[in-house]
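Notes for the structure review
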Amino acid sequence: MTRPRRPARPTRARILEAARRELGRDPDSSLTDIAEAAGVVRRTVYGHFAGRSALVEGLAAEAAEALRDALATAPDPPSDAVTALRRFVLALWPVGDRYRILLRLAPQDLGAARVDEILAPARDMATAIIERGQRQGVFRTAIPPAPLARALEKLLLALLDCVNAGTWSDDGTRSARAALIAVGADASMDPRDELTSGSEAR
C-alpha cells in the first residue's frame, strides 16, 4: 500500500505568499518575479488575479481576515485599561509585521478608503480601551477617545513602516510601550505580557 499524498498547498495561497515575500524584498517586483517565486507561470497568476492591483487587494483581504481573527481570538480584555491596551498592541503586532509591506503599496494599489476599512475593527477596539482608560483616570483626557485612537493608529503604522526601512526592530513590546506613552499612561510600566486572561506583567 502506498501512503496517500498530502494535498498540495492551494495555488492562490502560494501566489499570495510569494507576493508578500517578493514585494517585501522589492516593492517593484513584477508579476513574473512573483510567479517564479511561487513556482508557477505568469499565466497562472493571471488566472487568479487580473493584475498587480488585484494581487495586492488579495494580500489586503488576507491581512484584513488575519486582523479580525487576532481580535476575535484575543482573551477578553481585563478591566485594567493599561493592561488591555498593552495586550491589544501585542496581539495585533504580529499581523501588522507580517503584512507591513502593504504600507508601501497602499497609496498606489489600495487607496486610503480601503486601508481605513481594513483597520476599522482594530480602531473601534482601541477607541473602547482608551475611553475606559480615560474613565479610570490612567489615560490623558485632553483628547477624546476617537481622535486619540486615530493618533495611536498612525503611530503604530509609522513604527511598522520603520521596520520596513530597517530603523526599528520589535516583537511588539517596545511598540506597546510607545502606545502607552502616546495615551498618557505610566511609561515606566513593563509592556511585556503573555496575552492570557489571567497573567499580568510585573
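Figured I'd write up the structure that's included with this text. Computed from a predicted structure; not experimentally measured.

Calculation rules
Residues numbered from 1 in each chain as written. Predicted model: local features only at pLDDT ≥ 70, side-chain atom pairs only at ≥ 80, totals over all residues. Heavy atoms only, no water. Buried < 20%, exposed > 50% of the residue type's maximum accessible area, 1.4 Å probe, protein only. Helix = DSSP H or I, 4+ residues; strand = E, 2+ residues; numbered from the N terminus. Arc of directions from axis to C-beta. Contact = heavy atoms within 4.5 Å. 1 Å grid on protein atoms, 1.4 Å probe; cavity = no way out; pocket = protein on both sides within 12 Å on 5 of 7 lines; lining within 4 Å. Points joined across faces, edges and corners; volume = space filled by probe spheres on them. Nonpolar A, V, L, I, M, F, W, Y, C, P; charged D, E, K, R; others polar. Core = buried A, V, L, I, M, F, W, Y, C linked by side-chain atoms within 4.5 Å.

**A short note on helix α6 (residues 101–109)**
Structural remark: α-helix, 3.6 residues per turn; residues separated by three or four positions point the same way. Those residues of α6 that fall on the buried side of the exposure criterion are I101, L102, L105, A106 and D109. Within α6, the buried residues cover an arc of 125° as seen down the axis, which keeps them to one side. Check the buried side of α6 and you find it contacts α1 (11–25), α4 (52–73), α7 (112–136) and α8 (145–165). Positive phi shows up at G111, right after α6, with a value of about 95°.

**Description of empty space enclosed by the protein**
Across all of its chains, the model carries 1 cavity of 30 Å³ or more by this definition. Forming the walls of the largest cavity are 26 residues, and the residues nearest its centre are L67, G96, L119, L157 and L160. Contributions of two or more residues to the lining of the largest cavity are made by α4, α5 (81–98), α6, α7 and α8. Of the residues contributing to the lining of the largest cavity, the split by class is 22 nonpolar, 1 polar and 3 charged.

**Focus: the environment of A63**
With respect to the secondary-structure elements, A63 resides in helix α4. For A63 and L119, which are 56 residues apart along the polypeptide, the C-alpha to C-alpha distance reads 9.8 Å.

**Some words on the nonpolar core**
Counting 59 residues, the largest nonpolar core has L85, F88 and F139 as its most contacted members. Among the secondary structure elements, those contributing two or more residues to this core are α1, α2 (31–38), α4, α5, α6, α7, α8 and α9 (173–182). Element by element, the count of residues in this core is highest for α5, at 10 residues.

**Some points on the layout of surface pockets**
For the second largest pocket, the calculated volume is near 200 Å³. Around the second largest pocket sit 13 residues that line it, and A112, V115, L119, K154 and L157 are the ones nearest its centre. Elements with a minimum of two residues in the lining of the second largest pocket: α6, α7 and α8. The residue inventory of the lining of the second largest pocket, partitioned by class, reads 7 nonpolar, 1 polar and 5 charged.

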